[in-house]
Amino acid sequence: MPTHKAQGVTPSEKYLNILCEKSFLSLWSYPGVFRDQRVRGNGDGKELCDMIVVFDEHILIFSDKHCSFPASGKMELDWRRWYKRAIQSSADQAWGAERWLREHPDRVYLDRACTQQFPLPIPSNESAKYHMIVVANGSEDRCKAKFGGTGSLMLNSSLGQQGNADELSSMPFMVGDLDHSRTFVHVLTESTLNVLLQTLDTISDFVSYLERKENLIRSKTIVVVPGEEDLLAYYLMHMNENGKHDFVFGGKYGGVFLEEGVWKDFCNRPERKEQLRQDNVSYIWDDLIERFSHHALNATQYYSSHVELSDTEIGLRFMASEPRLARRMIVRGFIDLYTDTPDGMRRNRYFKSLTDNGPFYVFLSLPQPDFTSYEQYREGRFSLLKACCMVVKYKFPEALDIVGIAFHPVRPNVGSSEDLLYLDARVWSDELNREAARLHQDLGIFASATTYNIHEQEYPDPAAAKIVGMRRPPKVGRNERCPCGSGKKYKKCHGRLGLANATKPSAPADC
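This text gives an overview of the structure that appears in the document. (Residues numbered from 1 in each chain as written. Predicted model: local features only at pLDDT ≥ 70, side-chain atom pairs only at ≥ 80, totals over all residues. Heavy atoms only, no water.)

## Focus on the packing of helix α13 (residues 374-395) against helix α14 (residues 430-442)
Item 1. Interhelical geometry of α13 versus α14 gives an angle of 110 degrees and a closest axis separation of 8 Å. Put simply, α13 runs roughly perpendicular to α14. For the pair formed by α13 and α14, the contact residues are Ala-387, Met-390, Val-391 and Tyr-394 on the first element and Leu-432, Asn-433, Glu-435, Ala-436, Ala-437, Leu-439 and His-440 on the second.
Item 2. Across the contact of α13 with α14, the residue classes break down as 8 nonpolar, 2 polar and 1 charged. (Axes fitted to C-alpha atoms, helices over the stretch in contact; angles between N-to-C directions. Helix = DSSP H or I, 4+ residues; strand = E, 2+ residues; numbered from the N terminus. Parallel < 35°, antiparallel > 145°, perpendicular 65-115°, else oblique. Contact = heavy atoms within 4.5 Å. Nonpolar A, V, L, I, M, F, W, Y, C, P; charged D, E, K, R; others polar.)

Written out as structure tokens, the structure is:
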């Protein structure tokens, strides 16, 4: 059955939904879900939260409120009143949603009448990782009038450390740890929400920032930051010993204070601008996930008779777990299959994910022969994709998860179609291994593979990129069809996108 989702009620809730679906994608983002607290089946459910994102073990709970800032003329009194309505009330809602999910994970619904159950499994209490995000709108104009700057709230980790609730609401336009004994709450405003979700626009990148920020705020180091965006910029410019973005200060300090303007300086760096330009191609990966998700949510999959939403979600979850840099590298590894596979030729490629315990990806580009019907072509393509995935398991016994993607290469004025297959390679037998060996030999799948090493920098040096001829997205005319397969002109699709160095190798193979 199709999955019917809400879109938000207020303008801020609708915008939150747009941001979340762009960053976390539609299959995992659900606005306005409800808890079943009806009496003997009568009445309506109660709203659980404004937005919930469930992705593997991660649960993001958003509470969004717009409260007009009081104007009594007494700043501390106005702040205290606004704080209780916009921040404390939202935090209470988020904690209440967490408590309900922990106690009644099977009583969460998409509609107020509680007839359509939440479509994804809620992680168990042992594995669940909750992230609370309060979006408190309405204070930025008063904050700008008093302090100037961007209007974002100052962050002071010393507030609330002693469990003093009055202390938290006593400092105008400053927030801290709302309750050290409960799940940490990230307090954002309308502008900082926009900055975070448009900058950290994958679930992996966003959650990594939240977790490291929480560790920082709840550490023994006192941290004072002019605004969330400055903290984000510092995070993006520093790496820990494991090559991950982190809050690294180069010594042991009792307190750290960041000056205002770090975010502005970061955005003006040539390397940051080049990163955004290079990342353009990575959004083809997002669009591919969204096309599969659209059909899964609307029950319009080609093989709908034997494909459930939960089955499709597993493979798509692996794809969506890739951070932005990895998506850029993966797309560059298969974009030529999408655009340059001649008629009458089959092209295969596999790619090992760079993420820890990540899957193998298998790509199959197969044009439709003139002598076959569309139904025969789709059945044959899906069977060949399955064979390719089996051969990858045969060649790499250590592979546990294999995600296969097959597609018809893009042709002028013609769209594309895709197949998705997830192979749980933990379930493997000697019989399957012999079958994979036969397919490898008889069909020549990856029989003469060529291995490539891809060298990519998260923040490329624009000057160095020109000197060494760094690979760039394929040149496409503005009025030509976009190579992503959307059917739109390039200028109205990926051509409209504007958006510490990390160097990692990868090893795709082509046959």
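## As for the pairing of strand β5 (residues 129-137)
Item 1. Counting buried residues along β5, 8 of its 9 residues qualify, which places the element largely inside the surrounding structure.
Item 2. Where strand β3 (residues 58-66) and β5 come together, 9 bridges link them in parallel fashion. Looking at the pairing, Ile-61 lines up with Met-132 of β5.
Item 3. Two strands pair when backbone bridges link them, and β5 and strand β8 (residues 185-188) are joined in this way by 4 bridges, in the parallel orientation. Its bridge partner being in β8, Val-134 is matched across the sheet by Val-187. (Buried < 20%, exposed > 50% of the residue type's maximum accessible area, 1.4 Å probe, protein only. Pairing = 2+ DSSP bridges.)

## Re the sheet that holds β5
Item 1. The 6 strands are arranged β4-β1-β2-β3-β5-β8 in an open sheet whose pairing can be described as mixed. A strand with exactly one partner marks an edge of an open sheet, and here the two such strands are β4 (108-109) and β8.
Item 2. As paired strands, strand β2 (residues 46-55) and β3 are joined by 5 bridges and run antiparallel to one another. Residue pairing across strands places Phe-55 opposite His-58, the latter belonging to β3.

## Regarding the nonpolar core
Item 1. By size, the foremost hydrophobic cluster in this structure holds 114 residues, and its most contacted members are Phe-62 and Trp-285.
Item 2. Broken down by element, this core gets its largest block of residues, 11 residues, from helix α2 (residues 75-103).
Item 3. Leave out the neighbours within four places in its chain, and Trp-285 touches Met-319, Glu-322, Arg-327, Ile-330, Val-331, Phe-334, Tyr-361, Phe-363 and Ile-405.
Item 4. By size, the runner-up hydrophobic cluster in this structure holds 24 residues, among which are Leu-384, Val-392, Ile-402 and Ile-445. (Core = buried A, V, L, I, M, F, W, Y, C linked by side-chain atoms within 4.5 Å.)

## With respect to the environment of Leu-48
Item 1. Among the structural elements, Leu-48 can be located in strand β2.
Item 2. Taking the relative accessible area as the measure of exposure, Leu-48 reaches 2% and is therefore buried.
Item 3. For the pair Leu-48 and Glu-98, spaced 50 residues apart in sequence, the C-alpha to C-alpha distance is 9.1 Å.
Item 4. When sequence neighbours within four positions are dropped, the list of residues in contact with Leu-48 reads Val-33, Phe-34, Arg-35, Gln-93, Ala-97, Trp-100, Leu-101 and Val-108.

## Structural notes on the state of the cysteines
In protein chemistry, a disulfide is the covalent bond that joins the sulfur atoms of two cysteines.
Item 1. One pass over the full model with this rule turns up 0 disulfides.
Item 2. Cys-389 forms no disulfide, and the closest cysteine sulfur to it belongs to Cys-388, at a distance of 6.9 Å.
Item 3. Accessibility expressed as a relative area gives 0% for Cys-389, which makes it buried. (Disulfide = S-S within 2.5 Å.)

## Observations regarding empty space enclosed by the protein
Item 1. Size it by volume and the largest cavity reaches roughly 90 Å³.
Item 2. The wall of the largest cavity is formed by 14 residues, among which Leu-153, Leu-155, Val-175, Val-187 and Glu-228 lie closest to the centre.
Item 3. Split by residue class, the lining of the largest cavity holds 7 nonpolar, 5 polar and 2 charged. (1 Å grid on protein atoms, 1.4 Å probe; cavity = no way out; pocket = protein on both sides within 12 Å on 5 of 7 lines; lining within 4 Å. Points joined across faces, edges and corners; volume = space filled by probe spheres on them.)

## What to know about the packing of helix α6 (residues 203-217) against helix α7 (residues 228-236)
Item 1. Relative to each other, α6 and α7 sit at 105 degrees, their axes nearing to 11 Å. By the criterion of interaxial angle, the relationship of α6 to α7 is roughly perpendicular. Between α6 and α7, the contacting residues are Asp-205, Ser-208, Tyr-209, Arg-212, Lys-213 and Leu-216 on the first element and Glu-228, Leu-231, Leu-232 and Tyr-235 on the second.
Item 2. A class-by-class count of the residues in the contact of α6 with α7 yields 5 nonpolar, 1 polar and 4 charged.

## Re the sheet that holds strand β9 (residues 222-225)
Item 1. Taken in spatial order, the 4 strands make up an open sheet running β7-β6-β9-β10, and their pairing is mixed. Because the sheet does not close on itself, it has two edges, and the strands there are β7 (174-175) and β10 (255-257).
Item 2. Alignment of strand β6 (residues 154-156) against β7, held across 2 bridges, turns out to be parallel. Across the sheet, the residue bridging to Met-154 is Met-174, located in β7.

## Quick look at the pattern of salt bridges
Item 1. Following the criterion strictly, the structure yields 28 salt bridges and no others.
Item 2. The closest approach of N and O atoms between Arg-182 and Asp-179, which form a salt bridge, is 3.9 Å.
Item 3. The exposure class of Arg-182 is partly exposed, given its relative accessible area of 34%.
Item 4. For Asp-179, a relative accessible area of 22% gives the class partly exposed.
Item 5. The partner of Arg-277 in a salt bridge is Glu-274, with the nearest N and O atoms 3.1 Å apart. Placement of both Arg-277 and Glu-274 in helix α9 (residues 270-279) is noted, with a separation of 3 residues, approximately one turn of the helix.
Item 6. Relative accessible area serves as the criterion here: at 9%, Glu-274 is assigned to the buried category.
Item 7. Within the structure, one salt-bridge network assembled from shared partners comprises Lys-22, Asp-201, Asp-286, Arg-324 and Arg-327. (Salt bridge = Lys/Arg side-chain N within 4 Å of Asp/Glu carboxyl O.)

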